[in-house]
Structure formats: structure tokens, C-alpha cells
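The primary structure of each chain is shown beneath.
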Amino acid sequence: MDQNTKKQKAAEAVLDYITNGESLGIGSGSTVDILIENLSKVRNKIHKVVSSSIKSTKLLEANGFEVSELRDVGKLTKYIDGADEVNKDLQMIKGGGGALTREKILAHASEKFICIVDDSKKVDILGTFPLPIEVIPMSRSSVSLELIKHGGRPVLRENFISDNSNLILDIHNLQIMEPIKLERDINNIPGVVTNGIFALDHAHILLSANDDGVEVSELNA
Ligand code: 5RP
């Protein structure tokens, strides 16, 4: 089964987790695009929907959904999003599409985060996928120097401006042995808006599609 078919399977499987009256946060990326294209199947269960990117907002609207602002919804019942890497503790690297800041805001505002991936995203140790960091433009060199001290090799994402008018640094060569600690450490560097480690706001449920079906992993916390 190819990667796109697996993304389709994961995106379809999550529809069963949507229950009546949801205030739903919607992530970004190709797996979520497939989810949005299928979301009208459960339209009657969705009370409000909040989006993590301009791209997802446009796709939701094209599918007939009115997208609400987070400030008008408050707490989200569920947040559904993909990931670039996910480990056994359901900690993730996200931000391959550059939408990490709004994604983290919605993940934090949500009671439950459901992550939908194809099985190529499952890893033992986070960091093979370059870690995206959204930075205020004037801080790109100073933040890069700090990440070099952590053993990383920062690369400015070319021709990319985030939805929040910031830059993205992609940090290569990291082996993230302590995701929560590194997430906090990077958050403390002046100029960093958001880093793509989602360990403090990890997923609660992982739906991972493989050749045999969709594997479900669930954390109690
Ligand atoms: C976007 C993200 C995406 O969730 C991540 O890049 C996975 O994308 P895809 O579903 O296309 O593989 O974090 O910022």
C-alpha cells in the first residue's frame, strides 16, 4: 500500500472518533487535507470548527464549513492533525508544512489530540526529520547560533513566510533524547515563536495506517 493510500486510511478512520457536539480543531498538511475532504460525512456532529492554517481554512470553507475563531470557541473538544515524526510516547515533530505555531495553540486548547499518520512517521527517537522552528525574522542568526550549541545544523527554509509573517529554521542532525527538556530549552531562546517538538502537548490517541489496517495507540494521560 502506498503512502497516500495509508494517509487516506488514517484520515477516514478518525471520523469514527468524532462524536456529537464537537468543537473541533483541525490541523494542516496532506493527511488533514484528506480528512477535510471527508469531514462532511460527520457534519451533523460538528458544532464548531477552528483551523490551524490559512490553507486548511480555505479547504474547510470550500467544503461548506464556517470556520470559527478560537477566541469565540474557547476550549476544543478534540484536535486532529498529522505529524512528521511520532514516538511511542506520542510525542511528535511537527511543522513540515510550517503551520506549527497555530497547530500548537490548538493542540494546547484541546481536551484530546488525535494524531493521524501513515506508519512511515513512527520513530524510536525524534530528530531524523529536521526540527522546524518558527522565529521572529531579526533573530534568525542568534537563534541559529543557540541551536548549533545543541549540536544542530540550522537551515533557513527558503522562500517561506509563515501565516504569522515569520521565518522557519529547519534544524538538522538532532537526536532528541529528552523531548520535553529540549522543547522547553528552545522555547526559552529569545526570538523563538514556536518549536516543532510537541512533547508538552503530545497526542493522546495515534491512528497509524499500515499495510494491514489502522493501528490505534492510546495514552491514559
Ligand atoms: C504541518 C504539519 C503536518 O502535520 C506534518 O507536516 C505532516 O504533514 P503530512 O500529513 O502532509 O505528512 O505539522 O505544519
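Up top is the structure.
Everything quoted here is computed from the prediction, not taken from an experiment. The numbering scheme is per chain: residues are counted from 1 as the chain's sequence reads. Selection of residues for local features in this predicted model requires a pLDDT of at least 70, selection of side-chain atom pairs for listing and counting requires 80 or more, and totals for whole chains, interfaces and linings are taken over all residues. No hydrogens and no water enter the side-chain calculation; it runs on all heavy atoms of the structure.

(A) Representation of a nonpolar patch on the surface in the model. On the surface, Ile-136, Met-138 and Val-193 cluster together into a nonpolar patch covering about 310 Å² of accessible area. Numbering goes from the N terminus for both helices and strands, where a helix is a DSSP run of H or I of at least four residues and a strand is a run of E of at least two. Secondary-structure assignment places Val-193 in strand 11 (residues 192-195). Patch definition: residues with relative accessible area over 30% and no salt bridge; like charges joined within 9 Å; nonpolar side chains (Val, Leu, Ile, Met, Phe, Trp, Tyr) joined within 5 Å. The accessible surface values rely on the Shrake-Rupley method and a 1.4 Å probe; as for residues, cover is taken only from the protein chains in view. Salt bridges are identified by distance alone: a Lys or Arg side-chain nitrogen within 4 Å of an Asp or Glu carboxyl oxygen.

(B) Just the pairing of strand 2 (residues 46-51), in detail. Relative to strand 2, strand 1 (residues 22-26) runs parallel, the two sharing five bridges. Bridge assignment links Ser-23 to a residue of strand 2, and that residue is Lys-48. By convention, a crossover is right-handed whenever its connection, traced from the first strand over the helix to the second and viewed with the strands pointing away, goes clockwise. Considered for its hand, the β-α-β crossover made up of strand 1, helix 2 (residues 30-38) and strand 2 is right-handed. As for the winding sense of the linkage, the β-α-β connection from strand 2 through helix 3 (residues 54-62) to strand 3 (residues 67-68) is right-handed. In short, DSSP must find at least two bridges between two strands for them to pair.

(C) Structural view of the packing of aromatic side chains. Only centres within 6.5 Å qualify two rings of Phe, Tyr or Trp (six-membered ring in Trp) as a pair; their planes then separate them into stacked at under 30 degrees, edge-to-face at over 60, and tilted for everything else. Using the criterion set out here, one finds one aromatic pair in the structure. Each ring, one from Tyr-79 and one from Phe-113, has its centre 5.0 Å from the other, and the planes form 75 degrees; the classification is edge-to-face. Residue Tyr-79 is found in strand 4 (residues 76-81), and its partner Phe-113 is found in strand 7 (residues 110-118); the two are separated by 34 residues along the sequence. Across the pair, Phe-113 and Tyr-79 agree in class, each one buried. In this scheme, Lys NZ or Arg CZ marks a charge over a ring once it lies within 6 Å of the ring centre and within 35 degrees of the ring normal. Between the NZ or CZ atom of Arg-43 and the centre of the ring of Phe-65, over which it lies, the distance is 4.4 Å. Across the ring face of Phe-198, the terminal group of Lys-104 is positioned such that the distance to the ring centre comes to 5.0 Å. The classification of residues rests on relative accessible area computed with a 1.4 Å probe and restricted to protein chains. Under 20% of the type maximum is buried, over 50% is exposed, and intermediate values are partly exposed.

(D) Focus on the site of the ligand. Taken together, 17 residues surround the ligand, and among them Ser-30, Thr-31, Asp-84, Gly-95 and Lys-121 come closest. Residues adjacent in sequence count toward polar contacts only when both atoms are side-chain atoms; beyond that, a polar contact is any pair of N or O atoms within 3.5 Å, and within protein one must be able to donate a hydrogen and the other to accept it. Within the side chain of Ser-30, one N or O atom sits 2.4 Å away from an oxygen atom of the ligand. In this structure, Gly-98 approaches the ligand through a main-chain N or O atom, which is 3.5 Å from an oxygen atom. Contact with the protein chains removes 92% of the 380 Å² of surface that the ligand exposes when unbound. Note on definitions. A residue lies near a molecule or strand when any single heavy atom of the residue is within 4 Å of it.

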